There are 2 protein chains.
Amino acid sequence: MAGGMIRVVPGRAAQAVNLLRTVQFTHPPSCPCHANPSHHHHGHSVAPAITRFADRTSRRGYATPQDPSQLKEYAFEMAASSIRFGPGATREVGMDLTNMHVKRVCVVTDETVDKLDAMKTVRAALAQEGLDFRVFNKTKVEPKDYSIKEAIEWAKPYDPDAFVAVGGGSVIDTAKLMNLYASYPEADFMDFVNAPLGKGRPIDRKLRPLIAIPTTSGTGSETTGTAIFDLTTHHAKTGIAHRNLKPTLGICDPLNTRTMPSAVAASSGLDVLCHSLESWTAIPFNERTPRPTNPILRPAYQGANPISDIFSLNALRAAVKYLPRAVHDPEDFEAQSEMLLAATLAGVGFGNAGVHLCHGMSYPISGQNPGYRHAGYEVSSPIIPHGVSVAVTAPAVFRFTGASNPERHLAAAEAFGVDISNVKRESAGEVLAEALTKFLADLGDQPAGLKALGFGAEHIDQLVEGTIPQARVLMLAPGLATELEAERGQLRRLFEEAMEH
Amino acid sequence: MAGGMIRVVPGRAAQAVNLLRTVQFTHPPSCPCHANPSHHHHGHSVAPAITRFADRTSRRGYATPQDPSQLKEYAFEMAASSIRFGPGATREVGMDLTNMHVKRVCVVTDETVDKLDAMKTVRAALAQEGLDFRVFNKTKVEPKDYSIKEAIEWAKPYDPDAFVAVGGGSVIDTAKLMNLYASYPEADFMDFVNAPLGKGRPIDRKLRPLIAIPTTSGTGSETTGTAIFDLTTHHAKTGIAHRNLKPTLGICDPLNTRTMPSAVAASSGLDVLCHSLESWTAIPFNERTPRPTNPILRPAYQGANPISDIFSLNALRAAVKYLPRAVHDPEDFEAQSEMLLAATLAGVGFGNAGVHLCHGMSYPISGQNPGYRHAGYEVSSPIIPHGVSVAVTAPAVFRFTGASNPERHLAAAEAFGVDISNVKRESAGEVLAEALTKFLADLGDQPAGLKALGFGAEHIDQLVEGTIPQARVLMLAPGLATELEAERGQLRRLFEEAMEH
C-alpha cells in the first residue's frame with residue numbers, strides 16, 4: 001500500500017524535469033504523444049457517473065486562453081473497427097474484399113497459422129472470388145523492428161490494394177504497419193513510432209482496407225489502432241498507435257480460436273483480463289494533459305471515459321467467468337466463443353482508454369527474461385508469454401492503484417465474485433489484489449510472482465529502467481509520480497512487491 | 001397478454017404467404033431487406049449469455065447445403081460512426097475536415113438551428129480553416145421524399161467533397177441522403193429505399209465524409225446507417241438503411257443540446273428510451289432469416305446481439321436516471337450531457353440490432369394525427385412528436401412482448417427501479433408495462449394513450465394498415481405472427497390496448 005500513499009504535487013522541480021524530457025524528445029509541448037507533464041496523483045472522480053461532465057474546464061471548453069499544454073482534456077473519442085462475429089464468418093472475407101472493389105490482396109500470417117483451417121478457409125474464400133493474392137507467412141511472434149521492416153519491404157513490390165491479417169496480435173500488428181508504410185513510402189520508420197522513442201507523427205492519410213481475422217483471444221488488435229514491437233535499436237518494447245491505424249473490419253470467428261493450446265488460451269486470456277482492468281482503472285480522460293491543439297493529436301490511449309468503461313467492465317466480467325472454463329476444458333466451445341468476444345470488447349475498451357502499469361512493466365519483464373520457459377509453449381528459446389508477463393505484476397499493481405479510485409477497484413473486485421458490501425474504501429486495492437492472486441492460482445500453471453520467473457533483487461534496477469520509457473502508458477497510471485526519481489522509487493517498490501504474491 | 005400467447009408455427013400456409021410477399025416485392029428470396037419469412041414466435045433464448053453461441057446451425061457455420069432463405073443467421077456485425085464527446089468539441093470540426101484533406105463542404109441544417117450557437121461555432125470553425133463551404137438550411141422537420149430530393153438537387157451543382165450536418169435527426173438523415181445520392185448520381189431514388197416499398201439496394205460505394213453534430217438527444221442518427229422520411233407517393237413512413245450510410249464522425253457536444261426546449265428534451269428522450277427497450281427486446285440475430293448470401297446484404301437491423309445488448313441496456317439505465325432530471329430542470333447540464341451520451345449509446349445499440357413495434361406503430365400514429373398539438377411545440381399545424389408517438393404504445397407493446405423473453409423484460413423493469421426478486425416470469429410484460437406507465441406519468445405532459453391524441457376505435461383499421469408495411473422493423477418483433485391475418489389481429493389488439501394506459 002505504501003506506494004499508493006505517496007502524494008507528489010507537481011512543483012517547479014517536476015515541471016523542470018518534464019520540460020527537460022520535452023526538449024529531449026524534440027517535440028512541441030502540445031503533442032500529446034508525450035509523457036504527460038502532469039500525470040500526477042489524479043484518480044478517477046469519486047463517482048465518475050456523477051461528476052464526469054461537471055468539470056468546469058470542460059464545460060467552458062476551449063474558451064480558455066491558457067497554454068494548451070497545461071490545459072486538461074475536455075473531450076474523448078470513441079473509434080473502433082467494424083466487428084463481425086460468428087462461427088464460420090471467415091469465409092465471407094472474399095466477398096468483403098470484392099465489395100470493397102479490391103483486386104490485389106496481401107494476406108499476412110505466420111508459418112504456424114498458415115497450416116491451420118483459418119488460412120485454408122481464407123485461401124478458399126479469396127480464390128472463390130477470383131482475387132489476386134499473395135501470402136506473407138514470415139511474421140515473427142513478438143515482432144521486432146527489423147522483422148516488420150522485412151515485411152514492409154516484401155509488400156512494396158506487390159503493392160496490394162488491401163491487406164488481410166490472419167493470426168494473433170503479432171500478425172495483425174505487423175499487417176497494420178505493412179499497411180501504414182505502404183501509404184507513406186517516403187516516411188522514415190521512426191516517424192510514427194510512439195514518443196519518446198520515436199517522433200509520434202499522427203496518421204493523416206487514409207490507409208488501405210485491412211481485414212483482421214484473429215486466431216487467439218487476447219490482444220483485441222482486430223479493433224485497435226495499436227501495433228507493438230521490439231525496437232531493438234533501443235532495446236525497448238514500443239509501438240505505433242493512432243486510431244487511423246485500426247483495421248477496417250475485424251472478423252471474429254470462434255472456429256478459428258479452437259486451435260489454441262490451453263496454455264495459449266490462458267496467457268492470451270490473462271492479457272484480456274489486464275486490458276479490461278487497466279483501462280477501467282486508468283486516469284480519466286479529463287485529467288489527461290495536454291489538451292490536444294488538433295483532434296488528430298488526441299491519443300488513442302486517452303484515459304478512461306464513459307464509453308470505454310462500458311466495454312472494459314463487461315469484458316472483465318466475461319473474462320472472469322469464461323477464462324477458467326476455456327482453459328480447463330478445450331472442448332468448451334461456448335467459453336472459447338465468449339473469450340473471443342471478451343477479447344474484442346476489451347480491445348475496444350483499452351483501444352480508446354489505454355493500459356498502464358501491468359503493460360508498461362511487462363515489456364522489460366519479457367525482454368529481460370532470465371531464462372524462463374512457460375509450460376505448454378513448444379519453443380526453442382526461453383519465453384515469458386505476453387499475457388503471463390502482464391498478469392504477474394497485476395496483484396502488486398492494483399494494490400498500488402487502489403487508493404486512486406477505491407470505487408472502481410471495489411467494482412472490479414466484485415466482478416471477481418468478492419462480496420464488497422462490508423469492505424472499506426481503504427482496502428479496495430488490497431481486496432482486488434487478493435481476488436487476482438486467487439484467480440491466477442486457480443487458473444493453474446501461472447508463476448506466483450517474478451521470483452518464479454527467475455528474477456531476483458539484482459534485476460530490479462534494470463527492470464525499472466526498462467519501464468521508464470513506456471511514457472505513453474505510464475502517463476495513464478493513477479498514483480504514479482511525475483518527478484522522475486519518485487517514479488523510479490514507486491516502480492522499484494512495485495517490482496519488489498511483484499516478486500511473490 | 002392475449003397476443004403474446006399466440007403461437008404460430010410457420011407451416012405451408014405461412015410460407016406460401018411469404019413466398020407471395022417475396023414475389024410481389026420482386027426480390028431474390030435471399031435479400032434480407034425483406035419481411036422476414038420466419039419472424040414467428042422466437043423470443044430470446046431463456047439465458048442469452050449461456051446459449052447465444054451454442055446454436056448448432058451457427059456452430060456448423062455455412063457448411064449446410066440448404067436454401068439460404070430458410071437458414072437462420074449465424075453472425076452479427078457491429079458498425080458505428082466514430083464518436084467524439086465533449087463540451088466545446090464542435091469547434092474541432094474545421095480541423096477535422098482539413099485533416100480529411102477536404103476543400104468544399106456542404107453544411108446541412110434547418111432554419112431554426114441555423115440561428116443557434118451550434119451553427120455559429122461551425123461557421124467560425126470552417127472559416128478559420130479557410131474552407132469553402134455553403135449552408136443548406138431548408139431541411140424540413142419529419143422530412144418528405146420531395147424535401148429530400150430538393151436537398152439532393154441543391155447539393156449537385158456544388159458537388160461538395162464532404163458534408164456536415166448540424167441539427168436533429170431530420171437534418172442528419174437528410175444529409176445522409178444528400179451524401180448517398182451524390183455518390184450515386186445515376187440511381188433512382190427508390191433503388192435504396194427499404195423494401196418492400198423500395199428496392200432495398202445495398203450501398204456498395206464509399207460515400208464522402210459526413211460529420212454529424214446533433215443538437216437534440218434523441219435519434220442517435222449521428223451513429224447509425226438509417227435515414228427516415230415520409231414516402232408521400234405511398235403515404236407511408238419509410239427510409240433507407242445500410243451501415244455504409246453511417247456518418248464518418250459524430251461530434252456530440254453537450255453545449256449544443258442546452259438549447260432544447262423542455263418539451264423537445266422529453267419527446268426526444270422518450271425516443272432514446274424506446275430505442276434501447278426495443279433493441280434490447282428485439283428477436284436475437286441468430287433467429288433472423290434469411291441468412292445473407294453476401295455480407296453486404298446483412299441488414300443493419302439484425303436483431304439483438306451480444307454487443308448491441310451492452311449499449312441498449314446501458315442507454316436504458318441512463319435514460320431512466322437522467323431523462324426526468326433533464327426535463328424538469330433546464331439548468332441540469334449534467335443530466336443533459338448524460339442524455340446526449342445515452343442517445344448515442346442507444347443509437348449504437350438499435351443501429352446494429354433494430355427497433356420493432358413501438359417504432360413500427362408510431363409512423364401511422366404521427367402520419368394519421370387526428371389534430372393533436374403537443375404542449376410546448378410552437379408549430380402552425382398539429383403535431384405528434386416522434387418520441388411521443390413511439391412511447392404512447394410502449395406499455396401495450398411490452399405487455400405483449402413480455403412472454404417472448406421474460407428475463408429481458410424483467411431486467412428492463414429492474415432498470416426502472418422495480419424490485420423483481422419476487423416477480424413471476426409470466427408477469428414480466430405486465431410489470432414492465434406498469435413501470436413504463438408510471439415513468440410516463442411522472443415525466444409529465446405525456447398523453448395517457450392514443451385516446452388522448454384524439455384516436456378512437458374508428459381509426460384502428462387504418463392504423464393497422466399503416467403499420468403492416470413496416471416489414472423491416474416488424475420482422476424483429478418477438479411474438480408477432482407471420483401469417484398476415486394473424487398479424488393484423490395482433491396489431492389491432494395492440495392499438496386497442498394502447499388507447500389508454
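An unreviewed UniProt entry lists chain A under the name hydroxyacid-oxoacid transhydrogenase, with Lasiosphaeria hispida as the source organism. As recorded by UniProt, the Subcellular location (unreviewed entry) comment attached to chain A reads in full: "Mitochondrion". Of chain A, the UniProt comment under Sequence similarities (unreviewed entry) reads exactly: "Belongs to the iron-containing alcohol dehydrogenase family. Hydroxyacid-oxoacid transhydrogenase subfamily."

Trainee: Help me understand the overall build of chain A in this model?
Mentor: Within chain A, the regular secondary structure consists of 19 helices and nine strands. Burial status across chain A gives 65% buried among its 501 residues. A fraction of 79% describes how many contacts in chain A between residues 6 or more apart in sequence connect residues 24 or more apart. In the structure as shown, chain A presents an accessible area of about 16900 Å², 55% of it carried by carbon and sulfur atoms.

Trainee: What am I meant to see in the relation of the copies chain A and chain B here?
Mentor: Copies of the same chain, two in number, are related to each other by a rotation about an axis and a translation along it. Each copy superposes on the other: chain A lies on chain B with an RMSD of 0.0 Å after a rotation of 180° and an axial shift of 0.0 Å. Considering both components of the superposition, the chain copies are consistent with a two-fold axis. In this assembly, 100% of the residues forming the interface of chain A have copies in chain B that are likewise at the interface, indicating an isologous arrangement.

Trainee: Help me understand the UniProt feature "domain: Fe-containing alcohol dehydrogenase-like C-terminal" (unreviewed entry) in chain A in this model?
Mentor: Here, UniProt's "domain: Fe-containing alcohol dehydrogenase-like C-terminal" (unreviewed entry) annotation points to residues 303-478 of chain A. A helix fraction of 61% and a strand fraction of 0% characterise residues 303-478 of chain A, whose end C-alpha atoms lie 10 Å from each other.

Trainee: What's the story with the packing of helix α10 (residues 306-328) of chain A against helix α15 (residues 406-415) of chain A in this structure? I'm lost.
Mentor: The description of two helices packed together rests on the angle between their axes and the distance between the axes. Residues and elements named next belong to chain A. Orientation of α10 relative to α15, taken along the N-to-C sense of each, is 35°, at an axis distance of 9 Å. The residues of α15 that touch α10, namely those facing D309, L316, R317 and V320, are R408, A412 and A415. Tallied by class, residues from the contact of α10 with α15 come to four nonpolar, no polar and three charged.

Trainee: So what exactly am I meant to see when it comes to the UniProt feature "domain: Alcohol dehydrogenase iron-type/glycerol dehydrogenase GldA" (unreviewed entry) in chain A here?
Mentor: In this structure's numbering, the residues bearing the UniProt feature "domain: Alcohol dehydrogenase iron-type/glycerol dehydrogenase GldA" (unreviewed entry) are residues 81-254 of chain A. Note that residues 81-254 of chain A is 28% helix and 24% strand, and that its end C-alpha atoms are spaced 18 Å apart.

Trainee: Explanation requested: the sheet that holds strand β3 (residues 104-108) of chain B in the structure shown.
Mentor: The strands that make up a sheet are held in pairs by hydrogen bonds between backbone atoms, and each pair lies either parallel or antiparallel. A sheet is described by the order of its strands in space; here seven strands give the open sequence β1(A)-β2(B)-β9(B)-β6(B)-β5(B)-β3(B)-β4(B), paired in mixed fashion. Only two strands of the sheet have a single partner each, and these edge strands are β1 (76-78) of chain A together with β4 (132-136) of chain B. In this sheet, adjacent strand axes meet at a mean angle of 20° when their direction is disregarded.

Trainee: Would you take a moment to explain the side chain of T139 of chain A for this structure?
Mentor: Residue and element names in this part refer to chain A. Within the secondary structure layout, T139 lies in the loop between β4 (132-136) and α7 (145-158). Only 2.8 Å separates the side chain of T139 from the backbone oxygen of T109, close enough to count as a polar contact. Apart from residues lying up to four places away in sequence, T139 is in contact with V108, T109, D110, S170, V171 and T174.

Trainee: I tried to follow the interface of chain A and chain B on my own but got confused; where do I start?
Mentor: Think of interface size as the accessible area that goes away when the parts come together; that is how it is often given. Between chain A and chain B, the residue contacts involve 53 residues of the former and 54 residues of the latter. Across the chain A/chain B interface, buried area totals approximately 4700 Å², and carbon plus sulfur atoms make up 57% of it. One can count four salt bridges joining chain A with chain B. Residues E77 of chain A and R84 of chain B are paired through a salt bridge, measuring 2.8 Å at the closest nitrogen-oxygen approach. Applying the counting criterion to the chain A and chain B interface returns 16 residue pairs in polar contact (both at pLDDT 80 or more). Elements with a minimum of two residues in the side of chain A that touches chain B: α3 (48-51), α4 (56-60), β1, β2 (82-85), α5 (93-99), α10 and α11 (333-353) of chain A. Across the side of chain A that touches chain B, the residue classes break down as 26 nonpolar, 13 polar and 14 charged. Summarising the sheet, β2 of chain A and strand β1 (residues 76-78) of chain B pair through three bridges and their orientation is antiparallel.

Trainee: Can you help me understand the pattern of salt bridges in this one?
Mentor: Two side chains of opposite charge can pair, provided their charged atoms sit close to one another. Throughout the structure, instances matching the rule amount to 64 salt bridges over all chains. The closest approach of N and O atoms between K237 of chain A and E142 of chain A, which form a salt bridge, is 2.5 Å. With a gap of 95 residues between them, K237 of chain A in strand β8 (residues 236-241) and E142 of chain A in the loop between β4 and α7 connect regions that are remote in the sequence. For K237 of chain A, a relative accessible area of 9% gives the class buried. For E142 of chain A, a relative accessible area of 24% gives the class partly exposed. The shortest N-O distance in the salt bridge between E407 of chain B and R425 of chain B comes to 2.7 Å. Placement of E407 of chain B in helix α15 (residues 406-415) and of R425 of chain B in the loop between α15 and α16 (428-443) is noted, with a sequence separation of 18 residues between them. The partly exposed category is assigned to R425 of chain B, whose relative accessible area is 39%.

Trainee: Mind showing me how you'd approach the packing of α10 of chain A against helix α10 (residues 306-328) of chain B here?
Mentor: For the pair α10 of chain A and α10 of chain B, the least separation of the axes is 11 Å and the interaxial angle reads 120°. Judged by the angle between their axes, α10 of chain A and α10 of chain B are oblique. Between α10 of chain A and α10 of chain B lies a crossing whose hand is right-handed. Every residue of α10 of chain B that contacts α10 of chain A at I310, F311 and N314 of chain A is listed here: I310, F311 and N314 of chain B. Considering only residue class, the contact of α10 of chain A with α10 of chain B consists of four nonpolar, two polar and no charged.

Trainee: Would you mind going over the sheet that holds strand β5 (residues 162-167) of chain A with me for this structure?
Mentor: The strand order across the open sheet formed by seven strands is β4(A)-β3(A)-β5(A)-β6(A)-β9(A)-β2(A)-β1(B), and the pairing between neighbours is mixed. Edge positions in the sheet fall to β4 of chain A together with β1 of chain B, since each of these pairs with one other strand and no more. Strand-to-strand twist of the sheet, defined as the mean angle between neighbouring strand axes without regard to direction, takes the value 20°. In the packing of α7 of chain A onto the sheet, contacts are made with β3 (104-108), β4 and β5 of chain A, and the angle to β4 of chain A comes to roughly 165°.

Trainee: What is the right way to look at helix α9 (residues 262-281) of chain A in this model?
Mentor: Each turn of an α-helix holds 3.6 residues, which means side chains three or four residues apart point in the same direction. End to end, α9 of chain A covers 28 Å across 20 residues, agreeing with the expected 28 Å (1.5 Å per residue, within 8%). The buried fraction of α9 of chain A is high, at 19 of 20 residues.

Trainee: So what exactly am I meant to see when it comes to the packing of aromatic side chains here?
Mentor: We describe a pair of aromatic rings using the distance from one ring centre to the other and the angle between the two ring planes. For the structure shown, the criterion picks out 19 aromatic pairs over all chains. Ring centres of Y181 of chain A and F192 of chain A lie 5.8 Å apart, and the angle between their planes is 85°; on these two criteria the pair is classed as edge-to-face. With Y181 of chain A in helix α8 (residues 169-183) and F192 of chain A in the loop between α8 and β6 (210-214), this residue pair connects regions lying 11 residues apart in the sequence. F192 of chain A shares its class with Y181 of chain A; the two are buried. The interplanar angle of 70° and the centroid separation of 5.3 Å between the aromatic rings of F311 of chain A and F311 of chain B together place this pair among those described as edge-to-face. Here F311 of chain B lies in helix α10 and F311 of chain A lies in helix α10, a pairing that spans two chains. Grouping residues by exposure puts F311 of chain A and F311 of chain B together as buried.

Trainee: How should I be thinking about the nonpolar core in this particular structure?
Mentor: For soluble globular proteins, the rule of thumb is that nonpolar side chains tend to be buried together. Ranked by internal contacts, the top residues of the largest apolar core, which has 158 residues, are L273, L357 and F416 of chain A together with L273, L357 and F416 of chain B. Residues contacting L357 of chain A, with those up to four places away along its chain left out, are E278, V397, F400, T401, L474, A477, L480, L491 and L494 of chain A.

Trainee: Quick question: what am I supposed to make of the pairing of strand β9 (residues 249-252) of chain B here?
Mentor: When a strand is regular, its side chains alternate between the sheet's two faces. Residues and elements named next belong to chain B. Because side chains alternate across β9, one face comprises the buried residues L249 and I251, and the other comprises G250 and C252, equally buried. Both strand β2 (residues 82-85) and β9 contribute to a ladder of four bridges, which runs parallel. Following the sheet pairing, I83 is matched in β9 by G250.

Trainee: What is the right way to look at the pairing of strand β7 (residues 226-231) of chain B in this model?
Mentor: Residues and elements named next belong to chain B. For β7, the buried fraction is high: six of the six residues fall into the buried class. Both β7 and strand β8 (residues 236-241) contribute to a ladder of six bridges, which runs antiparallel. Looking at the pairing, I228 lines up with G239 of β8. Count of turn residues in the β7/β8 antiparallel hairpin: four residues, of which H235 carries a positive phi of about 50°.

Trainee: Sorry if this is basic, but what is going on with unusual backbone geometry here?
Mentor: Cis geometry marks the peptide bond from A195 of chain A to P196 of chain A; its omega dihedral reads 5°. With respect to the helices and strands, the residue P196 of chain A is situated in the loop between α8 and β6. One non-glycine residue, H235 of chain B, lies in positive phi territory at about 50°. Along the chain, the position of H235 of chain B falls in the loop between β7 and β8.

Cut-offs and rules
Residues numbered from 1 in each chain as written. Chains lettered and ligands numbered in written order. Predicted model: local features only at pLDDT ≥ 70, side-chain atom pairs only at ≥ 80, totals over all residues. Heavy atoms only, no water. UniProt positions renumbered as here; feature names shortened; annotations may be inferred. Helix = DSSP H or I, 4+ residues; strand = E, 2+ residues; numbered from the N terminus. Buried < 20%, exposed > 50% of the residue type's maximum accessible area, 1.4 Å probe, protein only. Contact = heavy atoms within 4.5 Å. Areas by Shrake-Rupley, 256 points an atom, 1.4 Å probe, with all protein chains shown as cover. Least-squares fit on C-alpha atoms with pLDDT ≥ 70 in both. Axes fitted to C-alpha atoms, helices over the stretch in contact; angles between N-to-C directions. Nonpolar A, V, L, I, M, F, W, Y, C, P; charged D, E, K, R; others polar. Pairing = 2+ DSSP bridges. Polar contact = N/O pair within 3.5 Å; in protein donor to acceptor, adjacent residues only side chain to side chain. Buried area = accessible area lost by both parts, 1.4 Å probe. Salt bridge = Lys/Arg side-chain N within 4 Å of Asp/Glu carboxyl O. Parallel < 35°, antiparallel > 145°, perpendicular 65-115°, else oblique. Left-handed = near helix turned anticlockwise from the far one by under 90°. Expected span 1.5 Å × (residues − 1). Phe/Tyr/Trp six-rings, centres within 6.5 Å; stacked < 30°, edge-to-face > 60°. Core = buried A, V, L, I, M, F, W, Y, C linked by side-chain atoms within 4.5 Å.

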